[in-house]
Amino acid sequence: MGLFDIFFKKKNTSDVAKDRLKLLLVSDRANCSPDVMEQIKNEIIQVIAKYMDIDTEALEIQITSTESEGGNGNVPALIANIPIKDIRQKELKEHLKDVKPEAKKESDKKDEKKDEKKDDTKESDKTSDKKESDKKESDKKESNKDSDKKDEKKDDKKDDDKKSSSDNKGKK
Amino acid sequence: MSEVIVVTSGKGGVGKTTTTANIGTGLAKLGKKVVLIDTDIGLRNLDVVMGLENRIVYNLVDVVEGNCKYKQALIKDKKYPDLHLLPSAQTRDKTSVTPEQMKKLVEDLKDEFDYIILDCPAGIEQGFKNAIAAADRALVVTTPEVSAIRDADRIIGLLNANEIKKVDLIVNRIRMDMVKRGDMMNVDDVCEILCINLIGVVPDDENIVIATNQGEPLVGDNSLPGKAYMNICKRILGEKVDFLDLTNPGFFKKIGNLFKKKA
């Protein structure tokens, strides 16, 4: 009962109405259908997932109004709440995939292509693992390179990278 | 130079027709030549609010279809000879009239009248499009409720999209006792949300119901809404009029009591 009282005394129903309307009208005016919002959300996930490990299930986006920095009233804003699972985890995973640190500095597009490629090699790694479970990592890479011989220049270059990285490891 | 004003709201039942009747009558009281057009085809009501329902011979659809001349369809008000009503058709639907026909009709009426006031139907369909087609300015009526404000916001967007630049807000049916308690949004809240110029605030008042019962708009009498409507009329004419102080309960009660004694 006490809690009940505190709740209702603090918030007038007129304030509730005002707050609800403000939110509602911003999304009404932006004319954002749920489909568009979902699309925006998915694209945000795609971009951010390249750099860090995020909780895609808990990601929330919302069009709302917020106090403008200039102090002249409220301005509409797109607010995204993107929980990061572990800021270091992605880096670790990259290491497991055996990528040179320098590779990260390359342009986004290249990175993405490499990601795809990495996934491919990873899968083929697994298959090769089954066949030759005792072989060392560097050996595996080489076998991959052989199987991918028909691929384009870029891929070849990438494989070279990989080879060199595995070489580095070998040196260590 | 005549002005064409559309009274609209989006949501139904917020007081468009009452506002149209009172503003039309008020402008006539101030010496202007006024014609009110009820564009709500199929659900006509402006005639009963004006108390002219028994005089209807021809209607809006008859005029646009060429069954009669507009002068034959216009009904002269009981009290003010410069106030006329063009009633809507009761047995037809909204598709009987097109925006082009409305424009032509209003153009004809401009020769004779200072103010052409269009009572818009609820909704944003054909009836709304007809009503706003010929308008120079709009009065958006809303109440301090979420549903009415949301619809008003949509309407304001549509009016802007249709290049009606002069759009003013009337906050209708405000209850100062509820505002005081914090259970109703106040006028500032509504204006802040809708971001348009406020031209009038009309309190919720039983006198409105009484006036509608009698078919005589109360604009210009001693009641609070009567004063509020008269102030809106003056503002439409370009006068600067202070907003009524609706918060004073003593004053409010006094006016209410005065009316009770009269009745």
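Residues numbered from 1 in each chain as written. Chains lettered and ligands numbered in written order. Predicted model: local features only at pLDDT ≥ 70, side-chain atom pairs only at ≥ 80, totals over all residues. Heavy atoms only, no water.

Student: How should the overall build of chain A be read in this particular structure?
Tutor: The number of helices and strands found in chain A is seven helices and four strands. Each helix and strand of chain A, ordered N terminal to C terminal, gives the series α-α-α-β-β-β-β-α-α-α-α. Counted over contacts in chain A with a minimum sequence separation of 6, partners at least 24 positions apart contribute 50%. Carbon together with sulfur atoms contributes 50% to the accessible area of chain A, which is approximately 13,100 Å² in total. (Helix = DSSP H or I, 4+ residues; strand = E, 2+ residues; numbered from the N terminus. Contact = heavy atoms within 4.5 Å. Areas by Shrake-Rupley, 256 points an atom, 1.4 Å probe, with all protein chains shown as cover.)

Student: Is there a simple way to think about the pairing of strand E7 (residues 166-174) of chain B in this case?
Tutor: On any regular strand, side chains alternate: one points to one face of the sheet, the next to the other face. Residues and elements named next belong to chain B. By the criterion of burial, E7 is predominantly enclosed, with seven of the nine residues buried. Here six bridges tie strand E6 (residues 137-142) to E7, and the two strands are oriented parallel to one another. Bridge assignment links Leu139 to a residue of E7, and that residue is Asp168. Handedness of the crossover joining E6 and E7 through helix H7 (residues 146-161): right-handed. Note: E7 against strand E8 (residues 197-203), five bridges, orientation parallel. Each bridged residue has a counterpart across the sheet, and for Ile170 the counterpart in E8 is Gly200. (Buried < 20%, exposed > 50% of the residue type's maximum accessible area, 1.4 Å probe, protein only. Pairing = 2+ DSSP bridges. Right-handed = clockwise from strand over helix to strand, strands pointing away.)

Student: What should I look at first to understand the interface of chain A and chain B in this one?
Tutor: Interface size, as often reported, equals the accessible area lost upon joining of the parts. With 11 residues of chain A at the interface, the matching set in chain B holds 13 residues. Roughly 1,200 Å² is buried in total at the junction of chain A and chain B, and carbon and sulfur atoms are behind 55% of that figure. As a salt-bridge pair, Lys18 of chain A and Asp189 of chain B come within 3.0 Å of each other at their nearest N and O atoms. Applying the counting criterion to the chain A and chain B interface returns seven residue pairs in polar contact (both at pLDDT 80 or more). A per-class count over the side of chain A that touches chain B returns four nonpolar, three polar and four charged. (Buried area = accessible area lost by both parts, 1.4 Å probe. Salt bridge = Lys/Arg side-chain N within 4 Å of Asp/Glu carboxyl O. Polar contact = N/O pair within 3.5 Å; in protein donor to acceptor, adjacent residues only side chain to side chain. Nonpolar A, V, L, I, M, F, W, Y, C, P; charged D, E, K, R; others polar.)

Student: Teacher, can you tell me more about the confidence of the model for chain A here?
Tutor: Detailed conclusions should not be drawn from predicted coordinates in areas where pLDDT is low. All names here are of chain A. Taken residue by residue, chain A gives an average pLDDT of 62. The fraction at 70 or more is 41%. When mean pLDDT is compared element by element in chain A, strand E1 (residues 53-54) scores highest at 86, while helix H6 (residues 137-147) scores lowest at 43. Long-range and interchain partners of residues 103-172, a stretch whose pLDDT sits below 50, account for 55 contacts in this model, where long-range means more than four residues apart. (pLDDT = per-residue confidence, 0-100.)

Student: Looking at this structure, I do not really get the sheet that holds E7 of chain B. What am I missing?
Tutor: Adjacent strands of a sheet form backbone hydrogen bonds with each other and so pair up, either parallel or antiparallel. Residue and element names in this part refer to chain B. With mixed pairing, the eight strands of this open sheet are ordered in space as E3-E4-E2-E5-E1-E6-E7-E8. Of all strands in the sheet, those bounded by a partner on one side alone are strand E3 (75-76) and E8. Those strands touched by helix H9 (residues 187-194) are E6, E7 and E8, and its axis lies near 145° from that of E7. (Axes fitted to C-alpha atoms, helices over the stretch in contact; angles between N-to-C directions.)

Student: Help me understand helix H2 (residues 13-30) of chain A in this model?
Tutor: Since one α-helical turn is 3.6 residues long, residues separated by three or four positions face the same way. Look at H2 of chain A: 26 Å from first C-alpha to last across 18 residues, which is about the 26 Å you get at 1.5 Å a residue. The positive-phi residue at the C-terminal boundary of H2 of chain A is Asn31 of chain A, with phi of around 55°. (Expected span 1.5 Å × (residues − 1).)

Student: How should I be thinking about the nonpolar core in this particular structure?
Tutor: The nonpolar side chains of a soluble globular protein tend to be buried, and buried together. Core analysis: the biggest nonpolar cluster contains 58 residues, and Leu109, Leu159 and Leu169 of chain B have the highest contact counts within it. Those residues within four positions of Leu109 of chain B in sequence are excluded, and the remaining contacts are Val35, Ile37, Tyr70, Leu74 and Ile116 of chain B. (Core = buried A, V, L, I, M, F, W, Y, C linked by side-chain atoms within 4.5 Å.)

Student: Mind showing me how you'd approach the packing of H7 of chain B against H9 of chain B here?
Tutor: When two helices pack together, their arrangement is captured by the angle between the axes and the distance separating the axes. Residue and element names in this part refer to chain B. Packing of H7 against H9 brings their axes to within 10 Å, and their N-to-C directions diverge by 40°. Considered as vectors, H7 and H9 are oriented oblique to each other. The handedness of the crossing between H7 and H9 comes out as right-handed. Residues Ile149, Ala152, Asp153 and Ile156 of H7 lie in contact with H9, whose contacting residues are Val190, Ile193 and Leu194. A breakdown of the residues in the contact of H7 with H9 according to their chemical character gives six nonpolar, no polar and one charged. (Parallel < 35°, antiparallel > 145°, perpendicular 65-115°, else oblique. Left-handed = near helix turned anticlockwise from the far one by under 90°.)

Student: Can you help me understand the side chain of Asn231 of chain B in this one?
Tutor: Residues and elements named next belong to chain B. Among the structural elements, Asn231 can be located in helix H11 (residues 224-236). You can call Asn231 buried: its relative accessible area is 10%. If we skip the residues at most four places from it in the chain, Asn231 touches Val241, Asp242 and Leu244.

Student: Teacher, can you tell me more about the packing of helix H5 (residues 99-110) of chain B against helix H6 (residues 126-133) of chain B here?
Tutor: All names here are of chain B. One way to put it is that H5 packs onto H6 with a least axis distance of 8 Å and a crossing angle of 30°. In terms of axis orientation, H5 runs roughly parallel to H6. Pair H5 / H6 crosses with right-handed handedness. Contacts between H5 and H6 involve Pro99, Met102 and Lys103 from the first element and Gln126, Lys129, Asn130 and Ala133 from the second. Counted by class, the contact of H5 with H6 contains three nonpolar, two polar and two charged residues.

Student: Can you walk me through the pattern of salt bridges in this structure?
Tutor: Scanning the entire structure with this criterion turns up 16 salt bridges over all chains. A salt bridge links Arg175 of chain B to Asp177 of chain B; the nearest nitrogen and oxygen atoms lie 3.3 Å apart. Since its relative accessible area comes to 40%, Asp177 of chain B is described here as partly exposed. Here Arg181 of chain B and Asp183 of chain B are joined by a salt bridge, their closest N and O atoms 3.4 Å apart. By sharing partners, the salt bridges in this structure join Lys18 and Lys22 of chain A together with Asp189 and Glu192 of chain B into a single network.

Student: Can you walk me through the packing of aromatic side chains in this structure?
Tutor: Two measures describe an aromatic ring pair: the distance that separates the ring centres and the angle between the ring planes. For the structure on display, the rule yields zero aromatic pairs over all chains. The side chain of Arg235 of chain B reaches across the aromatic face of Phe243 of chain B, ending 4.1 Å from its centre. (Phe/Tyr/Trp six-rings, centres within 6.5 Å; stacked < 30°, edge-to-face > 60°. Lys NZ or Arg CZ within 6 Å of the ring centre and 35° of its normal.)

Student: Even after reading the chapter, I still don't get the confidence of the model for chain B, so can you show me in this structure?
Tutor: Summarising the model, chain B shows a mean pLDDT of 93, and 94% of its residues fall at 70 or more. In the model output, the complex is listed with pTM 0.69 alongside ipTM 0.79.

Student: Help me understand unusual backbone geometry, please; the structure alone is not making it clear to me.
Tutor: Trans is the prevailing form of peptide bonds, just as negative phi is the prevailing case for residues other than glycine. All names here are of chain B. Phi at Glu163 takes a positive value of approximately 65°, unusual for a residue other than glycine. Mapping Glu163 onto the fold places it in the loop between H7 and E7. Phi at Arg173 is positive, roughly 60°, even though this residue is not glycine. Looking at where Arg173 falls in the secondary structure, it is placed in strand E7.

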